[in-house]
Amino acid sequence: MSHTPVAIIGAGPAGLTLSHLLHRHGVESVILESRSRADVEETVRAGVLEQGTMRLMRETGVGERMDREADIDDAIEISIDGRRTRIGLTELTGHHMAVYPQHEYLKDFIAKRLEDGGAIHFETTVDDVTGYDGDEVTVTYTDASGAQQTLTCDYVVAGDGSKSPYRTPVLELDGAVRDRHEYPYAWFGILVNAPQTQKELIYGTHDNGFALISTRTPTVQRYYLQCNPEDTVEQWSDERIWSELHTRVDSEDLQVSEGEIFDKAVLRFRSAVTDPMQRGRLFLAGDAAHTVPPTGAKGLNLAVADVAVLAPGLVRAVKKGNRDLLDEYSALAVPRIWKAQHFSYWMSSMLHSVPGDPHFQTRRRIAELESVLSTEAGRTYLAQQYVGLDLPRFEI
Ligand code: DHB
């Protein structure tokens, strides 16, 4: 039986960032992760870092490789039937954004936690969490060798993703809600060995549907195509993928670069918000509490925003016995989650064609997008939301 001030379930963006921030303020934690380190470090996910996330990485000593290797951009482009409009992020907001895949972010935080002596137990399944309504939490788990272990802690944080079982006790509270939305489309994502199509990301809309041109490295590109949520990988031959990408994005001065496709996957579109995100000594962070659709890549950044509130709250509680900020965690985190939810929904709805939509809706949707792109106020609003709001900062 061992004890830690904070037990963290899940070595994803929420759990690792939290553990790192706690350590910087002298609060130790133990991370329990069901997957192997290799699995965590290799799973393909989205790849945009908001300015606040980039800043947090730099200010807390984890930003060096990101600054060296990420594709740091000062603009994105939005294309309507191949006609592209540049959104100058830096010119409009003073900030950049970085295309840096989530698994690279995780690699940097895992390396830093281990270098700082942090405890991350991979291939460990949590069997039970009890006592969060009382004075001490007990976490029982099965470690990588199959042995049963017990960990007691002052606080437990579930950062174990959208299927987290720890939402259930939170939703049992009076007045607790989980708001959900399903979208009538999905993305087909590919990784391809090819040169960059162009430096900036392109978000394209077309009668055939949405397409996104993103990047991973100078020789590996990440492309997405709107597809049907029921589609399978088998329905998307290489020929069909290239034909759709060229149709949806190409123009006289730009052609999507082709190469060998080595990964194909369908990504579901869902929105969900859990409120509150806490019960007693149990806290939810990241996807365990909320899900955003992929457009705009807010998922990782929202997890970071959650822990920017949760970390100082936990530090004050553990070091000073003061729960004021911790008790306000949900009230402080949820408004930002709804703003990100709105932005992801808004971008998605402007850029995707809904199968079977009346012609009126299609024309109105394109007019909305054109109104945003053709006014400085519209471009500025989009740019500010895209690079992200500043992260909250609290005195410890
Ligand atoms: C990526 C994913 C996104 O959802 C997005 O909006 C931009 C880029 C990506 O995976 O590169």
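Residues numbered from 1 in each chain as written. Predicted model: local features only at pLDDT ≥ 70, side-chain atom pairs only at ≥ 80, totals over all residues. Heavy atoms only, no water.

> Quick rundown of the pairing of strand 11 (residues 148–158)? Include the residues and the values.
As paired elements, strand 1 (residues 2–9) and strand 11 share seven bridges and run parallel to each other. Within strand 11, the residue paired with I8 across the bridge is V157. Where strand 10 (residues 137–142) folds back onto strand 11 in an antiparallel hairpin, the turn is made up of five residues, including G146, whose phi is positive at roughly 90°. Looking at chain direction, strand 11 and strand 20 (residues 282–284) are connected through three bridges and run parallel. Residue pairing across strands places V156 opposite L282, the latter belonging to strand 20. (Pairing = 2+ DSSP bridges. Helix = DSSP H or I, 4+ residues; strand = E, 2+ residues; numbered from the N terminus.)

> Any chance you could break down the site of the ligand for me, citing the residues and the numbers?
Around the ligand, the surrounding shell holds 15 residues, and the nearest of these are Y203, S214, R216, Y224 and P294. A distance of 2.6 Å separates an oxygen atom of the ligand from a polar side-chain atom of Y203. Between the ligand and the protein, one listed contact pairs an oxygen atom with a backbone N or O atom of G296 at 2.8 Å. Surface burial for the ligand is 100%, taken as the share of its 290 Å² of free accessible area covered by protein chains. Elements with a contribution of two residues or more to the shell around the ligand: strand 14 (201–205), strand 15 (211–217) and strand 16 (220–227). (Near = heavy atom within 4 Å. Polar contact = N/O pair within 3.5 Å; in protein donor to acceptor, adjacent residues only side chain to side chain. Areas by Shrake-Rupley, 256 points an atom, 1.4 Å probe, with all protein chains shown as cover.)

> Please give an account of the packing of helix 1 (residues 13–24) against helix 6 (residues 102–115) that cites residues and values.
Between helix 1 and helix 6, the least distance of the axes is 10 Å, while the angle of their chain directions is 35°. Here the hand of the crossing between helix 1 and helix 6 comes out left-handed. Taking contact as the criterion, the partners of P13, L16, T17, S19, H20 and H23 in helix 1 are, on helix 6, Q102, Y105, L106, F109, I110, K112 and R113. Along the lines of polarity and charge, the residues of the contact of helix 1 with helix 6 split into six nonpolar, five polar and two charged. (Axes fitted to C-alpha atoms, helices over the stretch in contact; angles between N-to-C directions. Left-handed = near helix turned anticlockwise from the far one by under 90°. Contact = heavy atoms within 4.5 Å. Nonpolar A, V, L, I, M, F, W, Y, C, P; charged D, E, K, R; others polar.)

> An account of the confidence of the model for the chain is needed here, citing residue identities and associated values.
Mean pLDDT over the chain stands at 97; residues scoring 70 or higher make up 100%. At the level of individual helices and strands, the chain shows its lowest average pLDDT in strand 4 (residues 71–73), which scores 95, and its highest in strand 20, which scores 99. (pLDDT = per-residue confidence, 0-100.)

> Tell me what's going on with the domain arrangement of the chain, and back it up with residues and numbers.
Segmenting the chain into domains produces domain 1 (2–47 + 101–176 + 276–355) and domain 2 (181–269). Inter-centroid distance (C-alpha atoms) of domain 1 to domain 2 is 31 Å. Between domain 1 and domain 2, the residue contacts involve 19 residues of the former and 21 residues of the latter. The contact between domain 1 and domain 2 buries some 1500 Å² in all, and 66% of this surface belongs to carbon and sulfur atoms. Among the residues domain 1 hides against domain 2, the three largest losses belong to P294, L351 and H352. Together they make up 35% of the total. Across the contact surface, domain 1 and domain 2 share zero salt bridges. Our enumeration of links across domain 1 and domain 2 arrives at five residue pairs in polar contact (both at pLDDT 80 or more). The residue inventory of the side of domain 1 that touches domain 2, partitioned by class, reads 11 nonpolar, seven polar and one charged. (Domains from an automatic or database assignment. Buried area = accessible area lost by both parts, 1.4 Å probe. Salt bridge = Lys/Arg side-chain N within 4 Å of Asp/Glu carboxyl O.)

> Please give an account of the packing of aromatic side chains that cites residues and values.
Applying the stated rule across the entire model yields 16 aromatic pairs. Their ring planes at 55° and their centres at 5.8 Å tell us that Y183 and Y345 sit as a pair that is tilted. You can see Y183 sitting in the loop between strand 12 (177–182) and strand 13 (186–193) and its partner Y345 sitting in helix 11 (residues 329–351), a full 162 residues away along the chain. You can call Y183 buried: its relative accessible area is 7%. What links up through ring pairs into an aromatic cluster is the set Y183, Y185, W187, Y203, F210, Y224, F269, Y345 and Y386. For the cation-ring pair, R281 lies above Y155, with the distance from its terminal atom to the ring centre recorded as 5.2 Å. (Phe/Tyr/Trp six-rings, centres within 6.5 Å; stacked < 30°, edge-to-face > 60°. Buried < 20%, exposed > 50% of the residue type's maximum accessible area, 1.4 Å probe, protein only. Lys NZ or Arg CZ within 6 Å of the ring centre and 35° of its normal.)

> Describe the environment of V309, listing the residues and the values that go with them.
Checked against the element boundaries, V309 lands in helix 9 (residues 299–320). The spacing of V309 and Y329 is 20 residues in sequence and 6.3 Å in space, taken between C-alpha atoms. Aside from chain neighbours lying at most four places away, what touches V309 is L325, Y329, L332, P392 and F394.

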